[in-house]
Amino acid sequence: MAAPAKRIDGIDFWRGFALLTIFIDHVPENIFQHVTQQNFGFSDAAELFVFLSGVSVALAYGTRFFEGETVGAVRAVLRRAFTLYWVQILISLVIIAIFVGAAALWHDDDLLEDADVVVSNPLQTTAAILALLHQLENANILPLYIALLLMTPLLLVLARRDDRLMLAASAGIYLAARAFSLNLPTWPVEGTWFFNPIAWQLIFAIGIFAGRRLKRGGIAYDARLFAACLAVVAIAAVVRTDAFGYASGLWEHVHDMLDCGKTDLGFARLVHFYGLPVFATGIVLSAMGEVIETRSEAFNHQVVLGAAIVAGGILLHYLVARGLAAWRDGQRASHSYATASSRA
């Protein structure tokens with residue numbers, strides 16, 4: 001049996017950074033939103049989260065898959081997808097309960113905007129939520145992750161033959177999705193998924209590719225590629241900030257010419273980019289922050305209120321993460337003790 005994949009601290013750090021950034025960007029109107037990376041480039045924390053998810057999949061399941069434990073690795077991937085599924089359902093129900101409860105408490109029907117379809121037709125919409133066909137705003141990235149995990153066995157099969165073959169196939173699917181507007185539908189509200197998994201699988205596949213390289217000893221440094229990446233980041237920062245305030249309207253004028261759409265992973269976003277319980281905590285806290293924000297007129301200092309919501313949310317993220325770490329350490333210690341006792 002393959003040894004468990006060793007955790008890489010850098011991946012954990014940047015994944016935590018992505019989760020906190022997503023939380024900050026989702027909480028309505030707070031001063032911290034002005035310093036997240038979406039203000040200085042064409043991509044944001046969503047790309048980082050999906051990329052690192054691909055890296056983590058390669059490290060957690062790829063090793064077993066490539067060492068011959070194909071069935072066990074696929075079973076583990078599907079088990080993870082099922083875990084994400086029930087967490088997504090739980091998050092959706094909690095968010096609905098928060099908004100419905102707040103609307104009833106404060107007699108404010110505007111709070112039912114996100115839950116209006118559920119209230120008007122609860123049976124139909126509940127079935128749609130269970131089928132991932134109806135996704136609440138700010139709770140739509142986990143369905144993407146679930147879809148990507150379901151694609152993982154195919155990506156790993158291609159990677160086992162050749163990593164470049166996997167990337168080529170993934171790029172081909174991405175181009176087809178963009179050329180023919182391929183996306184998954186939503187129901188009962190007609191539309192498509194906010195995060196198009198047929199397009200976003202490319203950045204996930206790039207993550208798997210990078211994870212495979214990390215497993216083999218790292219990714220070689222290329223000075224020319226690094227310089228090109230710096231140039232892209234610098235240009236994006238200039239455009240996104242209206243030349244740091246010296247060219248008013250630059251971003252608005254250029255935005256329509258650039259392919260920066262988030263749903264289909266616009267090419268400009270892709271070029272610029274080149275803990276589940278903690279994540280769930282952030283999504284629920286975002287919903288609570290949105291509810292509190294609707295009552296902000298009761299507070300004299302709204303800027304302080306927004307900062308307090310974010311600071312409190314970050315603290316709760318930290319406490320949840322520390323609690324999970326302590327619980328997992330206890331589980332490992334118990335398992336090690338049980339294993340040693342059985343051998344004695």
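Our subject is the structure that appears above.
Residues numbered from 1 in each chain as written. Predicted model: local features only at pLDDT ≥ 70, side-chain atom pairs only at ≥ 80, totals over all residues. Heavy atoms only, no water.

A word on the pattern of salt bridges
Opposite charge on two side chains lets them pair, provided their charged atoms get close.
At step 1: This model, assessed by the stated rule, comprises eight salt bridges.
At step 2: A salt bridge links Arg-164 to Asp-162; the nearest nitrogen and oxygen atoms lie 3.0 Å apart.
At step 3: Accessibility expressed as a relative area gives 26% for Asp-162, which makes it partly exposed.
At step 4: Arg-212 serves as the salt-bridge partner of Asp-163, at 3.2 Å between the closest nitrogen and oxygen. In this pair, Asp-163 sits in helix α7 (residues 163-180) while Arg-212 sits in helix α8 (residues 197-215), placing the two residues 49 residues apart along the sequence.
At step 5: Among the residues examined, Asp-163 registers a relative accessible area of 4% and is labelled buried.
At step 6: Given the relative accessible area of 14%, Arg-212 is considered buried.
At step 7: A network of salt bridges, in which partner residues are shared, links Asp-44, Glu-47, Lys-262 and Arg-269. (Salt bridge = Lys/Arg side-chain N within 4 Å of Asp/Glu carboxyl O. Buried < 20%, exposed > 50% of the residue type's maximum accessible area, 1.4 Å probe, protein only. Helix = DSSP H or I, 4+ residues; strand = E, 2+ residues; numbered from the N terminus.)

Describing helix α9 (residues 223-240)
At step 1: For α9, with 18 residues, the first-to-last C-alpha span of 26 Å sits near the 26 Å given by 1.5 Å per residue.
At step 2: Buried within α9 we find Ala-236, Ala-237 and Val-239.
At step 3: Against α10 (250-255) and α11 (267-273) lie the buried residues of α9.
At step 4: Downstream of α9 by a residue or two, Asp-242 has a phi angle that is positive, lying close to 55°. (Expected span 1.5 Å × (residues − 1). Contact = heavy atoms within 4.5 Å.)

A few points about a nonpolar patch on the surface
At step 1: There is a patch of nonpolar side chains on the surface, built from Ile-31, Phe-32, Val-35 and Phe-40 and spanning about 360 Å² of accessible area.
At step 2: Tracing the backbone through its elements, the reader meets Phe-32 in the loop between α1 (9-26) and α2 (45-66). (Patch = residues over 30% accessible without salt bridge, like charges linked within 9 Å, V, L, I, M, F, W, Y side chains within 5 Å. Areas by Shrake-Rupley, 256 points an atom, 1.4 Å probe, with all protein chains shown as cover.)

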